[in-house]
Amino acid sequence: MLDIKYIRENQEIVLEAAKNKNVDIDLEEILSLDEKRRSAQGKIDELNHKKKEAAAARDIEAGKKLKELSATLEKDLKAIEDALQELLYKV
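Quick notes on the rules
- Residues numbered from 1 in each chain as written.
- Predicted model: local features only at pLDDT ≥ 70, side-chain atom pairs only at ≥ 80, totals over all residues.
- Heavy atoms only, no water.
- Helix = DSSP H or I, 4+ residues; strand = E, 2+ residues; numbered from the N terminus.
- Rg over C-alpha atoms; globule rule 2.2 N^0.38 Å.
- Buried < 20%, exposed > 50% of the residue type's maximum accessible area, 1.4 Å probe, protein only.
- Contact = heavy atoms within 4.5 Å.
- Areas by Shrake-Rupley, 256 points an atom, 1.4 Å probe, with all protein chains shown as cover.
- Lys, Arg positive; Asp, Glu negative; His and termini not counted.
- Charge placed at Lys NZ, Arg CZ, Asp CG, Glu CD.
- Axes fitted to C-alpha atoms, helices over the stretch in contact; angles between N-to-C directions.
- Parallel < 35°, antiparallel > 145°, perpendicular 65-115°, else oblique.
- Left-handed = near helix turned anticlockwise from the far one by under 90°.
- Nonpolar A, V, L, I, M, F, W, Y, C, P; charged D, E, K, R; others polar.
- pLDDT = per-residue confidence, 0-100.
- Core = buried A, V, L, I, M, F, W, Y, C linked by side-chain atoms within 4.5 Å.
- Patch = residues over 30% accessible without salt bridge, like charges linked within 9 Å, V, L, I, M, F, W, Y side chains within 5 Å.
- Salt bridge = Lys/Arg side-chain N within 4 Å of Asp/Glu carboxyl O.

What the protein contains, in helices and strands, is four helices and zero strands. Taken against the 2.2 N^0.38 rule, which gives 12 Å for 91 residues, the C-alpha radius of gyration of the protein at 18 Å runs more than 25% over that of a compact globule. Along the three orthogonal principal directions, the C-alpha set of the protein runs to about 60 × 20 × 15 Å. Counting every position in the protein, which comprises 91 residues, the buried fraction comes to 24%. By sequence separation, contacts in the protein at least 24 residues apart represent 64% of the contacts at least 6 residues apart. As displayed, the protein has an accessible area near 6,700 Å², and 50% of this comes from carbon and sulfur atoms. One way to put it: in the protein the 18 positive side-chain charges average out to a point 6 Å from where the 21 negative ones average out.

Written as structure tokens, this is what we have:
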């Protein structure tokens, strides 16, 4: 399986290699899922930072809301990662 960073940086090479091996890949879908994954991970990281700030300020209510939102985003991230991995296995 190719590294997603390599795929992002060498799209033409990846497409040509897939064509030579008679493998049909949806590079646009792979790159779209990768972008969604990176965006979701950034949001989760930001929420984790805010949760730490809320805990330090002993703001329990804000901490609970952030925890719920983080759990939802992590669930979405897992679905995105699973779909991305499935496509990456084809590459």
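Read on, since the account is not over.
Between helix 3 (residues 27–56) and helix 4 (residues 60–90), whose axes approach to 9 Å, the crossing angle comes to 160 degrees. With respect to each other, helix 3 and helix 4 are oriented roughly antiparallel. Pair helix 3 / helix 4 crosses with left-handed handedness. A class-by-class count of the residues in the contact of helix 3 with helix 4 yields 16 nonpolar, four polar and 10 charged.

Mean pLDDT over the protein: 94, with 100% of residues reaching 70 or higher. The secondary structure element of the protein with the lowest average pLDDT is helix 2 (residues 11–20), at 93, and the one with the highest is helix 3, at 96.

Counting residues in hydrophobic clusters, the biggest one holds 13 residues, and the most contacted among them are Ile4, Ile7, Ile30, Leu33, Leu84 and Leu88. For this core, the secondary structure elements donating two or more residues are helix 1 (4–9), helix 2, helix 3 and helix 4. If near-sequence neighbours (up to four positions away) are discounted, leucine 84 is found in contact with Ile4, Ile30, Leu33, Asp34 and Arg37. Among the nonpolar cores identified, the runner-up in size contains seven residues, and Ile44, Leu47, Ala54 and Leu66 belong to it.

Right, let's talk about a nonpolar patch on the surface for a bit. Nonpolar side chains collect at one region of the surface, where Leu2, Tyr6 and Ile13 lie side by side and expose about 250 Å² of accessible area between them. Using a relative accessible area of 34% as the deciding quantity, one classes tyrosine 6 as partly exposed.

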